Every structure is written in C-alpha cells, then in structure tokens.
Number of protein chains: 2
Amino acid sequence: MRIVVLAGGIGGARFLRGLQQAAPEADVTVIGNTGDDIHLFGLKVCPDLDTVMYTLGGGINEDQGWGRQDETFQVKSELAAYGVGPEWFGLGDRDFATHIVRTQMLSAGYPLSAVTEALCDRWKPGVRLLPMSDDRVETHVAVTVDGERKVIHFQEYWVRLRASVAAEAVVPVGADQAEPAPGVLEAIASADVILFPPSNPVVSVGTILAVPGIREAIAEAGVPVVGLSPIVGDAPVRGMADKVLAAVGVEATAAAVARHYGSGLLDGWLVDTVDEASVPAVDEAGIVCKAVPLMMTDVDAAAEMARAALALAEEVRA
Amino acid sequence: MRIVVLAGGIGGARFLRGLQQAAPEADVTVIGNTGDDIHLFGLKVCPDLDTVMYTLGGGINEDQGWGRQDETFQVKSELAAYGVGPEWFGLGDRDFATHIVRTQMLSAGYPLSAVTEALCDRWKPGVRLLPMSDDRVETHVAVTVDGERKVIHFQEYWVRLRASVAAEAVVPVGADQAEPAPGVLEAIASADVILFPPSNPVVSVGTILAVPGIREAIAEAGVPVVGLSPIVGDAPVRGMADKVLAAVGVEATAAAVARHYGSGLLDGWLVDTVDEASVPAVDEAGIVCKAVPLMMTDVDAAAEMARAALALAEEVRA
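Source: prediction; values computed, not measured.

Enquirer: How do you make sense of the sheet that holds strand β6 (residues 138-145) of chain A when you look at a structure like this?
Expert: Sheet strands pair via backbone hydrogen bonds, and the direction of the pair is either parallel or antiparallel. Residues and elements named next belong to chain A. Read from one edge of the open sheet, three strands run β7-β6-β8, paired in antiparallel fashion. The outermost strands of the open sheet, each flanked by one partner alone, are β7 (148-153) and β8 (169-173). Neighbour-to-neighbour, the strand axes of the sheet open up by a mean angle of 25°, direction not taken into account. Looking at chain direction, β6 and β8 are connected through five bridges and run antiparallel. Note that in β8 the partner of Val 141 across the bridge is Val 170.

This is the structure we're talking about:
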C-alpha cells in the first residue's frame, strides 16, 4: 500500500512513527512542510523536515519533540559571546552539523530534495521524505506589537513570541511561485491513501497545500484522503494552532478545521472522542467523520490512530 | 612606539604575547597570514588569524597552541556521521562558532578585514589584527604521492600528510592578484619598527611578502626590520619548516633563512645561541646578527626575545 502523508513537525512526526508501527509494510512518502524554514547564522534550517528525520531515525529529543537527543550548546553559547543572535532559537551542536551539511550542499547547487535525501541516507527514517518544494517558501506572520504593525518570520512568532500576540495574517511568502519538489505530484498520483496527520492546518498542512499543484493533485487523485484533528476539546493538542486558525478566520474546533479543509479535499476526518458531538456536523459537510482517541501519548496510541485513519480510508473507499 | 609584526600562527602568536609583555605601551599592528585559510564544510576558516586572536585574547588551547581551550567535538563527530569530511582537520564546537560568524559576515558582503575586526571586538587581543589581504589567497603545495604528482591545499600537506612527502613547490595561489588589506600599507609606512617573528619564512611570512606592495613597503619604510630565526640548530623549532624551505631551495639553517629574506628587506636577525657560529655569515650578508636564546618555553622567554629584537632594532637604527 502506498501512503502519502503531508507532515509538519512534532505532530506529523509522531503520527508517522505510529503509522510505521500500524502498517510496517506500507510504502510511505512524506511531503514535508518547508514554510517554517529559516536562515540562521547563515545556515539553512529546516525544522519540520529535521523533526521528521530525527524522530523516525531515532535521533530526536523525545522530551521536547524537536532537536537532537544528548544535545550540547557550545556553538550557540559562543555565538552569543560574539553578540551574534538570535538567541531565542535553540540550535544545539549536533543539530548544527545537520544545518552545516545542508547549507554546504545547497551552496554547491544541490536542490533541497537531493539534500534531504542525502541527510536521510544517514537517518534511514523508513519513509521517503520529500520537501514540499525545492523553492524557498517562508511563512510570515503579520502582528501588532507595541502599536506597530509588522511582518515577522513564523519562527519569530512561534518561538520568540510564543504566539503571545494575535496573528493578523499568515502568509506563505513565495508559495505562489513555488513548484512541488520532484516526486511530490508523482507520489500523490500513485498513492492508495493520503493522510493529513494532526499537524497544524494553517502553517503546516496549509502551507504544503499552498504550493500550486499539490491541492489539485490530492483532490484529483481519486483515493481516500483522511485527516486527523489537531484540535481536541476546542484547543490544540499541542502548540498554538488556535492563534493561526484565528488569522484565517477558522474556529479552533475539530469540526471547523474539517470544514476549512473542505469536502473537495477531505473524504474522512477523525475527531477525538471528547468531540464526538461534532461528528454529525462534519458528516453534514460531506466528510465521513469518526470519533476515536487522538492523544498521542506514546507510539502505541499513535499507531492506534493510524489504524483508525487507514480503516476510515477503506470505509470511504468502499 | 608603533610596531608592525608579520605573523603566521603559533610561533607568531606566542612571540606577540612576549612582545606585549616586553613593550606594554607599544601600538602593535599585526599583519596576519591568510594563505593558510581554507573552506571547510562551507565555512571560511582562517587558522593563523584565529591563533593570534585566541592566543592574545586568552582563549587558546595552550597545550596544542591552536584551537580553543575546553573544546568539544560534537559538530565534527556529527559531520563524520553524515560522511562529510575532511576528518583530518580538527575543528571543535567553540571554534566552529568563529567560522560560522565569519562566513555569515563574509556572505553578507563584509571584507575579511572588517570581519576580523568584529571578531576581535570580542577577543580584545590588544593589537590591531589585519589580514594581509581581503582577497582570497590559498597556499598550495605540489607533491608526488604514489607516483602521482598533484597540487594540494597547504593544510592538506601540513595537517593531513604531516609534511611527510617532499614539497616540490609552494604556490600562494591568488597572491599575485591580491591587494594589501586596508590599513596594511599605512601601518607599515608609519611603523617605528617592523618585526618578523619566528614564523615559517615560506608559508607564513613569505606568503605575506608575496602580496604585491607589502615587501616593497617594508623595504621602503626606512625603519629597522628585525627578524627572529625559526630555525634553531639546523631544525625548525616547531613544525616542518625545513620541508617548505627545501621547496624554495633554501637550507634549513638560521643563516640561510636570513639570506633568503635578504639585506634588502632585513636589517637585523636574531639566531639562537646554539647557532652563534653562523653570526659572521649573516653579518657578511649585510644583516646585523646577534645570538640570543630563541626557545619560547614560556611567555617570559618570548618577552626576552622580543626585548632582544627591539634592542637590535635600536642598534641598527643608530
């Protein structure tokens, strides 16, 4: 079975680990969000791709969900001693090596998809990890701070400001000119199932869908497309998705997110059992909805969610 | 007193520390060799400038004479895990930060001289440290390995091969097109004394002199130019200077090195007491020669050498 998964960072990575346990024989292609990418210290950092790679490759810091295990911070501390920031983005020494290799390969002319493949040669994540695009896309957020309206990089909004101010707009800068990376449209066209893990619907899955051609390819693939709600009990399971949902005028509820994706894209939608009351509303929107536990407390729980998603896919296919 | 010193790496840096003790009130400008510079992992590494900066700024690994104290090697070990080399060049985590800052500033368009000044803002070496040139100069060495003649980067010859094969030629690639960095010619023209520390006469001081205009400016400065022999007892005090001296047809003796610089450049020359017998030969070459202890066993010994060099400068000035 060929499965395509559109993934952001932590939520996507943990769901993928469950999917691997639930469907060990499946051929999984991950289309990773690159809108969170940022240039720091002259290096290209791809937080979402790395979170997927480290998580599936056994190198992730399990407690925080991103970055490397057994990490040290000598480089960052030295950069600070030089007065070179930002200090709010926590790059560790092990992680720096990834960005150094990536930047060196990009400078040598390799596209990000080839670089990602080379990095995965080491990590062997057990999936084919593709960036959504080889073109630069950077999600920016419009905010008002101290009475001044400004547009900042998503990471500055998310990591430095901890989404503490309203996101007035979320713009995936460059997305409209970006092309899907090599293999992305082919993977979608030959997929048996397409899954949206409980990643952020705006700045993760939404950014991937903003690359011209990807949304259309999914809609036209003619295979079940099933998503899992990142909103449980009217709040994000983790992170601050409510803040960016507000920016696009979507309520932070499991049903509203399903309607935001829409029945033109989604065939099935899983909500948490606490949101069982919202099932009829999603069904009415033309999306087959089920309520199952959606808390990824461990790999087994994530595997159960993946099984439920695959079962729902078979149900809507029939 | 304004002193200009042409410096390579370890020998130059340790001599400079002695000079600071010997002449604490002096205004010292260091013209640093950049021919040893190398791009590693996409980063610009300037070993000689950094050795001077770390040594005078209190950050040097005293035992090995280069690199940072209390160093760790997480980044290097991770790069190796990615299969990315070279592994023979020992960059530590703290050191990496320097190269990351430098590379980021160079990429932003700052010349190496401005970058070096910015790095020195942190280290406060107590001297004005100028790269010999803002233009890229890379010393290459022609060797024959396994019957095959090839040209390799100086660092590969020095660090990877440990100068274990004959250097058939030493070429400061790019030097003939390079211009002295801003401030270099001005510092020479306004110097009261110019010193050549016991740095490598071929690949350190020789490379600096290969930048058009610098040799001429020193010869025309009209102030005492005094050097200290890096050869003691017919062998290099440290390193493998004999190998690169052979490449330029110069014997590894204190007298031969003095004659290599020549009386058109040098006014005074210090040899070690074990080489006292060579004093007349150097004198005959038109260079005033003295024999004094030249082993930099500690800062006090280096300070004594600096005092002897300054005394010799006053003697030749008179």
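Enquirer: Mind showing me how you'd approach the interface of chain A and chain B here?
Expert: Much of the literature gives interface size as the accessible area that the parts lose upon coming together. Taken together, the contact pairs 26 residues of chain A with 26 residues of chain B. Across the chain A to chain B interface the summed buried area is about 2,200 Å²; carbon plus sulfur atoms make up 62%. Joining chain A to chain B, the criterion identifies six salt bridges. For Glu78(B), the salt bridge identified is with Arg122(A), shortest N-O distance 2.7 Å. Linking chain A with chain B are 14 residue pairs in polar contact (both at pLDDT 80 or more), by the criterion used here. Of all the secondary structure elements, the ones that give two or more residues to the side of chain A that touches chain B are α2 (47-57), α3 (74-81), α4 (93-107) and α5 (112-123) of chain A.

Enquirer: Even after reading the chapter, I still don't get the sheet that holds strand β13 (residues 268-271) of chain A, so can you show me in this structure?
Expert: All names here are of chain A. The parallel open sheet is built from seven strands, whose spatial order is β5-β2-β1-β9-β10-β13-β14. Among the strands making up the open sheet, the edge pair consists of β5 (128-131) and β14 (288-291). Within this sheet the neighbouring strands show an average axis-to-axis angle of 20°, counted without direction. In this sheet, strand β9 (residues 193-196) lies alongside strand β1 (residues 2-7) in parallel orientation, the contact comprising three bridges. Looking at the pairing, Val 5 lines up with Leu 195 of β9. On the sheet, helix α1 (residues 10-22) packs against β1, β2 (27-32), β9 and β10 (225-228) and is oriented at approximately 160° with respect to β1.

Enquirer: What should I look at first to understand the relation of the copies chain A and chain B in this one?
Expert: Note that the two copies of the chain are related through a rotation about an axis and a translation along the same axis. Each copy superposes on the other: chain A lies on chain B with an RMSD of 0.0 Å after a rotation of 180° and an axial shift of 0.0 Å. On the angle and the small slide along the axis, the relation comes out as a two-fold axis. Distance from the rotation axis, computed per C-alpha, reaches its smallest value in chain A at Asp93(A): 3.5 Å.

Enquirer: Help me understand the packing of aromatic side chains, please; the structure alone is not making it clear to me.
Expert: Each aromatic ring pair is summarised here by two numbers: the centre-to-centre distance and the angle between the ring planes. This model, assessed by the stated rule, comprises 14 aromatic pairs over all chains. With centroids separated by 5.9 Å and ring planes inclined at 45°, the aromatic side chains of Phe41(A) and Phe96(A) adopt a geometry described as tilted. With Phe41(A) in the loop between β3 (38-40) and β4 (43-45) and Phe96(A) in helix α4, this residue pair connects regions lying 55 residues apart in the sequence. With 5.8 Å between their ring centres and 65° between their planes, Tyr261(B) and Trp269(B) make a pair best called edge-to-face. Exposure remark for Tyr261(B): the relative accessible area of 6% places this residue in the buried category. Clustering of aromatic rings is evident, with ring pairs tying together Phe154(A), Tyr157(A) and Trp158(A). In this structure, Arg68(A) is placed above the aromatic ring of Tyr54(A), and the distance from its NZ or CZ to the ring centre is 5.4 Å.

Enquirer: What is the right way to read the pairing of β10(A) from this model?
Expert: If a strand is regular, its side chains alternate between the two faces of the sheet. All names here are of chain A. Where burial is concerned, the two faces of β10 agree: the one with Val 225 and Gly 227 and the one with Val 226 and Leu 228 are both buried. For β9 and β10, the ladder comprises three bridges, and the chain directions are parallel. Residue Ile 194 lies in a different strand from β10, and its bridge partner there is Val 225. Bridging between β10 and β13 involves three bridges; their strand directions are parallel. Looking at β13, one finds that Leu 228 is bridged to Leu 270.

Conventions used here
Residues numbered from 1 in each chain as written. Chains lettered and ligands numbered in written order. Predicted model: local features only at pLDDT ≥ 70, side-chain atom pairs only at ≥ 80, totals over all residues. Heavy atoms only, no water. Pairing = 2+ DSSP bridges. Helix = DSSP H or I, 4+ residues; strand = E, 2+ residues; numbered from the N terminus. Axes fitted to C-alpha atoms, helices over the stretch in contact; angles between N-to-C directions. Contact = heavy atoms within 4.5 Å. Buried area = accessible area lost by both parts, 1.4 Å probe. Salt bridge = Lys/Arg side-chain N within 4 Å of Asp/Glu carboxyl O. Polar contact = N/O pair within 3.5 Å; in protein donor to acceptor, adjacent residues only side chain to side chain. Least-squares fit on C-alpha atoms with pLDDT ≥ 70 in both. Phe/Tyr/Trp six-rings, centres within 6.5 Å; stacked < 30°, edge-to-face > 60°. Buried < 20%, exposed > 50% of the residue type's maximum accessible area, 1.4 Å probe, protein only. Lys NZ or Arg CZ within 6 Å of the ring centre and 35° of its normal.

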